[in-house]
Amino acid sequence: MDRETREFAESHFRGLQGRLPSKVSPTPDRVDFIEKPDSFSYTDFFKSYLLPNVPCVFSSAFTEHWGCRKRWVTPSGKPDFDHLLQNYGDVVVPVANCGVQEYNSNPKEHMPLKDYISYWKEFIRGDYSSPRGCLYLKDWHLCRSPFHADILRSYSWSVNICGRKKWLFFPPGQEEALRDSHGGLPYDVTAPEFLESHLHPVLEVTQEAGEMVFVPSGWHHQVHNLEDTISINHNWINGCNLANTWRFLQQELCAVQQEVSEWRDTMPDWHHHCQVIMKSCSGINFEEFYHFLKVIAERRLPLVKKIGPGEVRCSEDSGLGPQHAIFDISRIAEVLASVVVNPDFQRVDTSKFLPQPEDLLQQLQEALATTDPL
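Computed from a predicted structure; not experimentally measured.

Rules and cut-offs
Residues numbered from 1 in each chain as written. Predicted model: local features only at pLDDT ≥ 70, side-chain atom pairs only at ≥ 80, totals over all residues. Heavy atoms only, no water. Helix = DSSP H or I, 4+ residues; strand = E, 2+ residues; numbered from the N terminus. Buried < 20%, exposed > 50% of the residue type's maximum accessible area, 1.4 Å probe, protein only. Contact = heavy atoms within 4.5 Å. Axes fitted to C-alpha atoms, helices over the stretch in contact; angles between N-to-C directions. Left-handed = near helix turned anticlockwise from the far one by under 90°. Nonpolar A, V, L, I, M, F, W, Y, C, P; charged D, E, K, R; others polar. Pairing = 2+ DSSP bridges.

1. Some remarks on the environment of Ala 367
Inspection of the secondary structure puts Ala 367 in helix α12 (residues 357-369). Among the residues examined, Ala 367 registers a relative accessible area of 6% and is labelled buried. In this structure, the C-alpha to C-alpha distance between Ala 367 and Ile 326, residues 41 residues apart in sequence, is 8.5 Å. Residues contacting Ala 367, with those up to four places away along its chain left out, are Leu 301 and Val 304.

What follows is the structure, given as structure tokens:
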């Protein structure tokens, strides 16, 4: 990140005047396709897609040198079962049954990969039908994924190692029109009742082999595999969507508190139990979110502390440079300032936290004070 990009980003967040981004994002009329790696920089991605929080697709040229695209796939572009069996056959993997719905998800079991591949071959021979139902392994989807937004309102990317997918995207806020009378989201947005109501996804994307889809923060989506597909997916959080994650966690805790509100006056340590339930549902609670902020802050602070006033240099590479570190610290400081005054966080036992949240916030603010103002 160079100085111009940081200035652009800080201006974006100043425009929010301390508020979180609007719940309903501006909706593009199409999803951009990025063709050539050499003509597309991290700054381009940061300004055009991370900050405005909109999806895009990267061409297969971005992944053509990936080893898995060569070793996991046959010359005809199909999954190389022999290679996978030879290298990973004894690995125990989680498998979900797409044909069975439990609440808004699918039941899961664990099996060796060799057993799953045996099922997969049987599934293909049976014209994509099996008495065992339609099973999928982790991110190797054989069917549609339930309608969802990525965990903790993170960003994600998904690369097709082989096969094709159809993505259905709903920008943040659009999913509200799909909720039922209990506030639940649909399992399948292509079900007849939704097609008849004309509540169609705003954007559709067909992802070819080798292409990478960038999924923005909070965009609900559903994915259909159009043929045998292997994909690799990754989720991440950075300074651009950190506030979205904090907002999501507050909403999750509020939902838990509402669910168990009738026991508030009779359950000892009710607030603590709400945090425990929240962690079981979301994978993280307020204590762990603080430690997440702390770890990232402590990795950024040494870099910024080495920079004296007026010494920040511009950098065009995609690594973590001074400007990027300063930007991340500014975003962490803003979120942490909200965390420390949150009434539910103040009920968390922080007596053994090192550093104390208020002290970490002061360190961040002092580090920012030594950097060049924009």
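2. A few points about the packing of helix α10 (residues 322-340) against α12
Remark: α10 packs on α12, axes separated minimally by 9 Å, with the N-to-C direction vectors making an angle of 145 degrees. Note that α10 runs across α12; the crossing there is left-handed. Of the residues in α12, those in contact with Ile 326, Ile 329, Ser 330, Ile 332, Ala 333, Leu 336, Ala 337 and Val 340 of α10 are Pro 357, Glu 358, Leu 360, Leu 361, Leu 364 and Leu 368. Across the contact of α10 with α12, the residue classes break down as 12 nonpolar, 1 polar and 1 charged.

3. Quick notes on the pairing of strand β6 (residues 155-162)
A large share of β6 lies buried, amounting to 7 of its 8 residues. Across 7 bridges, β6 lies against strand β11 (residues 230-236) in antiparallel orientation. Paired with Val 159 across the bridge in β11 is Ile 232. Bridge analysis of β6 against strand β9 (residues 212-215) gives 4 bridges, and the strand direction is antiparallel. Across the sheet, residue Trp 157 finds its bridge partner in β9, namely Phe 214.

Keep in mind these numbers describe shape, not what the thing actually does.
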